[in-house]
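Structural features, examined
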Amino acid sequence: MMSFTTCRKFFALPAIFLLLNTILTKAQNPTDAVKLSWLSGTPVMPTGVSWGVPWPQGKVKANTAFTLTADGKIMPLQSWDLAYWPDGSIKWTAFATVGDSTNKNVSLNAAPAKGMKSMAARTLVTDDGNTIHVNTGHLQCDIAKNGEILIPAITLNGKAIAKNGKLECILQNQSDADINTSAVKQRYSSNISNVVIEQIGPIRAVVRIEGNLKLSNGSRTLLPFIVRLYFYQNVDNIRILHTMIFDGDDQKDFIKGMGLTFSVPFREQLQNRHVRFSGEGEGIWAEPVQPLNGRRPSQYINDQAQGKLIPNVETVPENIKTLYHEMASWNDYKLVQSSADGFNIQKRTNGAGSWLDVNGGKRATGLAFVGDVTGGLAMSLKNFWQSYPAALEINDARTPEAKIHVWMWSPYSDAMDMRHYDTVAHSLDITYEDVQKGFSTPHGVARTSEIMIYPYTAIPDNQQLAANAAATNNTVLLTTTPQYLHSVGALGMWSLPDRSTKGKQWIEDQLDKAIAFYQGEIDRREWYGFWNYGDVMHSYDASRHTWKYDIGGFAWDNTELSTDIWLWYSYLRTGRADIFKMAEAMTRHTSEVDLYHLGPYAGLGSRHNVNHWGDGSKEVRESQAILRRFYYYLTTDERTGDIMHQSAMNADSGLAHVDPLREILPKDKYPTHARFGPDWVGLVGNWMTEWERTGDIKWKNKILVGVNDFTKMTYGFYSTKGKDGGMGYDPKTNHIYQIAPQDIGNLHLATLMGGMEMAYELTPILNNKDWNRMYLQYCSLYGAPEEEVKAAFGVSIKLGDSAGDYARQPGYAYYVTKDPKYAKRAWDEFLPSGQGRFGSGPNKFDSKLLNGPAVLKPLYEIRNVSTNGTSQWCLNAIELLQMAGDAMPEHNIAWDK
């Protein structure tokens, strides 16, 4: 048998360093001007925006001054470091500015403009010890540091607009499923434990509030929260990011309502008070609290409907005064989005009166306003209808102070039921479901919601409110071009769209159809809801013409086989806003709902299941940072940064608590077990991300501990036990062990679950000859003929399948060595052959329309579709075009027909 040490010479090719040279020097030496564009169109009103820009290694040093211009005019700019190259130069820079409809043709320069004066040192935030005060120019906001009130006051142009902003939760002790029971409801309010000014600067400020919800009598606290408040210079709105972590008992704690509420003081009489709700599209429902349109309408009805000031009751003629006194006024209003396809608006005069149905529709955009002609407050919840059941509510409009509520979970819907879908386990062999006692728990999962606060000093017109709702729902972002991102090698190995040959055109067509099919399925199958929005289903059941939503491990996808990365690569290469929205929603979901943020499984995630948290498999593959990096670096999102950091800090302790191979390998001398992939490579991605974000070499050293361990093993990365790839692992020291010297095994999950995409980013920054050699060996031998494996290892064995899912492994070997045999193997594995698993048809993602009595409603179907297959096919296509596009065959059954 040839030892691994002996076979080093086989892989010690000079071309092994081609990858490093390619990634670090192939960048097209971009000019100082980096062109930027608005993702969802230029903002209508002054809007704060934060975004990230990558740089080639060595180009941008620390403390570099930048200039942002629009049509040649300098824009305000604040910057901070997001990530570093190993040489200390900046890899990613974060920026913040304020833009509006006049800011077009935006460019960024890594140098100060000539004659440019330094930005004013004025800060947006001050802290007096008890309260944090924010002043953006026109807007002032007070933030409490203790108690139940998060935001004591919001003022605009010196006028008090809103006060007493706090979180509320209605909790009940039973499900609403049994109508014969009478649930006991209790009200909880926010309870602040810590407030931190995370960022303080002349353009952008961020304040983080942490706490939990406390019962009104103080006898119990639960549901930890993190609230971030975002402020921008001369911007009159506040962005709020709210994260709720569930730490209750899913058998006893049922959330009936959860929301954010403010009090809004009135200065005018009833006839000058107004309520607004946003409806479908740009639609706005608008009414005065007391409409003066009775049997004999007043002369003021048109002005009143437009929100203009009309006379007070004491100044009008007696006949009009009677109208004022006799017309009904309305105290309470609500808009309830009870499903993805239905909302209803109701109002009532008082608590003793009935609710009156007003109007309704399908999909409300999630904004409410209450105020009088001298000012008021609008609040808007992002992805309102997609995250049903949600509600907007206004109370006490007839009193001196109204209350406005944004309910992230509607109290007018069934209580949140987080119990597992069944009381018995279903066999792993039958349903692919791995339910184990104590593991199918939501304890520690989270949900993040985004709310915008818009104060006004007058009644906003309907067009303004529609613009507010649109700005909330369409992420405001400045983006660099796909060409620039590609030229600097940002975020892995991916290709730009290329239709220059019939074969490449065929691949691009399939990629477009795959995205379009899933976008359509999200809507057709209504993959919406508070805990579901952003995820997609795992496998399709053609017999029922439905996805396997109710079958064990075949239901929700939960990041299985790198669906997240497929979407982000698709966005990077196209710059399409619709794909960004899809990828953003998936990242928000999978990084919160599919992960554990506290408790014994903290740092780990849950495998695919009917309930997102229902599977007994708790692993690093779902929590790994490689899935989150795209969103973090492109948007600078602090919450995503927290999650990546927590994964790096907690995943090792999670593995110590939950052995990922506990059902396969017996307990032995090692603290726990791991596989090369997805476990160890998942940890490496976490450490790599912390290393580049902090510059702290300790994270690199964690990686090198394992790399050095593998160099001493018989078969490098293949030194694993059987097809499941078991190895010993010590979370405290980060050492990984070959269980027995003869162990050699299959490593398919190391490729399918983000390992390849992690390696693309790690290789150039680690710049380690042992890693380079072993990773090339891993890719070269996977699926290779047995004689090649025997030549390398002295063992006649087949290492992995020669299948399309793994085509990017020989593609990588070709990219590094330029040996044409690897390119041929890659394309032979990937392209249809007439006998392969994908068949011989030229239209892989063509769907068929279903209608009539066979289905509930008109649907489209691809009979053998699975998200595993789709994501892997698309990832291989995108990556192979980059790595081996120059060696693509001229002819194939797919496009020659």
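Above this text you will find the structure in question.
A few points on the structure. None of these values were measured; they are calculated from a predicted model. (Residues numbered from 1 in each chain as written. Predicted model: local features only at pLDDT ≥ 70, side-chain atom pairs only at ≥ 80, totals over all residues. Heavy atoms only, no water.)

Observations regarding the overall build of the protein
- Counting its secondary structure elements, the protein contains 22 helices and 37 strands.
- Computed over C-alpha atoms, the radius of gyration of the protein comes to 29 Å, within 12% of the 29 Å expected from 2.2 N^0.38 for 897 residues, which places it in the range of a compact globule.
- Residues counted as buried form 61% of the 897 residues belonging to the protein.
- Sequence separation of at least 24 residues holds for 70% of the intrachain contacts in the protein that already meet a minimum separation of 6.
- Looking at the protein as shown, the accessible area adds up to about 32900 Å², and 50% of this sits on carbon and sulfur atoms.
- Side-chain charges in the protein split into 89 positive and 94 negative, and the spacing between the mean points of these groups amounts to 2 Å. (Helix = DSSP H or I, 4+ residues; strand = E, 2+ residues; numbered from the N terminus. Rg over C-alpha atoms; globule rule 2.2 N^0.38 Å. Buried < 20%, exposed > 50% of the residue type's maximum accessible area, 1.4 Å probe, protein only. Contact = heavy atoms within 4.5 Å. Areas by Shrake-Rupley, 256 points an atom, 1.4 Å probe, with all protein chains shown as cover. Lys, Arg positive; Asp, Glu negative; His and termini not counted. Charge placed at Lys NZ, Arg CZ, Asp CG, Glu CD.)

What about the sheet that holds strand β7 (residues 106–109)?
- One open sheet holds the five strands; their spatial order is β4-β3-β7-β1-β28, and the pairing between them is antiparallel. Of all the strands in the sheet, the pair left with one neighbour each is β4 (73–75) and β28 (478–480). In this sheet, neighbouring strand axes are inclined to one another by 40° on average, regardless of whether the strands run parallel or antiparallel.
- Where strand β3 (residues 67–70) lies against β7, four bridges are found, and the strand directions are antiparallel. Following the sheet pairing, Leu68 is matched in β7 by Leu108. (Pairing = 2+ DSSP bridges. Axes fitted to C-alpha atoms, helices over the stretch in contact; angles between N-to-C directions.)

Describing the pattern of salt bridges
- Scanning all chains against the criterion turns up 51 salt bridges.
- With its nearest N and O atoms 2.8 Å apart, the salt bridge here joins Arg499 to Asp512. Of the two residues, Arg499 sits in the loop between α7 (482–487) and α8 (502–524) while Asp512 sits in helix α8, which places them 13 residues apart along the sequence.
- Three or more residues joined by partner-sharing salt bridges are found here, namely Glu198, Arg208, Glu210, Arg228 and Asp642. (Salt bridge = Lys/Arg side-chain N within 4 Å of Asp/Glu carboxyl O.)

A few points about the environment of Ser427
- With respect to the element layout, Ser427 can be found in the loop between β26 (401–409) and α5 (428–431).
- Distance from Ser427 to Ala555, taken between C-alpha atoms, is 15 Å for residues 128 residues apart in sequence.
- If we ignore the near neighbours within four places in the chain, the residues touching Ser427 are Tyr432 and Glu433.

Notes on the packing of helix α16 (residues 755–766) against helix α19 (residues 808–817)
- It is the contact of α16 with α19, at a shortest axis distance of 11 Å, that shows an interaxial angle of 20°. As far as their axial angle goes, α19 and α16 are roughly parallel. For the pair α16 and α19, the sense of crossing is right-handed. Side by side, α16 and α19 meet where Met756, Glu757, Tyr760 and Thr763 of the first sit next to Arg808, Gln809 and Tyr812 of the second.
- Counted by class, the contact of α16 with α19 contains three nonpolar, two polar and two charged residues. (Parallel < 35°, antiparallel > 145°, perpendicular 65-115°, else oblique. Left-handed = near helix turned anticlockwise from the far one by under 90°. Nonpolar A, V, L, I, M, F, W, Y, C, P; charged D, E, K, R; others polar.)

A few points about the environment of Tyr571
- You can see Tyr571 is positioned in helix α9 (residues 563–574).
- According to the relative accessible area criterion, Tyr571 is buried, its value standing at 4%.
- Placed ten residues apart in sequence, Tyr571 and Lys581 show a C-alpha to C-alpha distance of 9.4 Å.
- The residues touching Tyr571, leaving out its near neighbours within four places in the chain, are Leu39, Thr479, Arg576, Ile579, Phe580 and Leu634.

Observations concerning helix α21 (residues 867–884)
- Over its 18 residues, α21 extends 25 Å from the first C-alpha to the last, a length consistent with the 26 Å expected when each residue adds 1.5 Å.
- In terms of burial, α21 is largely enclosed, as 18 of its 18 residues are buried. (Expected span 1.5 Å × (residues − 1).)

A short note on helix α13 (residues 676–694)
- Taking 1.5 Å as the rise per residue, α13 with 19 residues should run 27 Å; its terminal C-alpha atoms sit 25 Å apart, in good agreement.
- In terms of burial, α13 is a largely internal element, 17 of the 19 residues being buried.
- Backbone geometry just after α13 places Gly695 at a positive phi near 75°.

Considering the pairing of β3
- Covered by surrounding structure in β3 are Thr67 and Thr69 together with Leu68 and Ala70, the residues of both alternating faces.
- In this sheet, β4 lies alongside β3 in antiparallel orientation, the contact comprising three bridges. Along β4, the bridge assignment pairs Thr69 with Ile74.
- Between β3 and β4, which pair antiparallel one after the other, the connecting turn spans two residues, and Asp71 there sits at a positive phi close to 50°.

Focus on the packing of helix α17 (residues 769–781) against helix α18 (residues 786–793)
- Closest axis-to-axis distance for the α17/α18 pair is 10 Å, and the angle between their directions is 155°. Our classification of the angle between α17 and α18 gives roughly antiparallel. Along its contact with α17, which presents Gln777, Ser780 and Leu781, the element α18 presents Glu788, Val789, Ala792 and Phe793.

Concerning the sheet that holds strand β6 (residues 90–99)
- With respect to topology, three strands assemble into an open sheet ordered β2-β6-β5, the strand pairing being antiparallel. Each having just a single partner strand, β2 (47–54) and β5 (78–84) make up the two edges of the open sheet. Each strand of the sheet is rotated relative to its neighbour by a mean of 20°, with strand direction disregarded.
- Summarising the sheet, β5 and β6 pair through six bridges and their orientation is antiparallel. Bridging from a neighbouring strand, Tyr84 pairs with Ile90 of β6.
- Contacting β5 and β6, α13 crosses the sheet at an angle of about 140° to β5.

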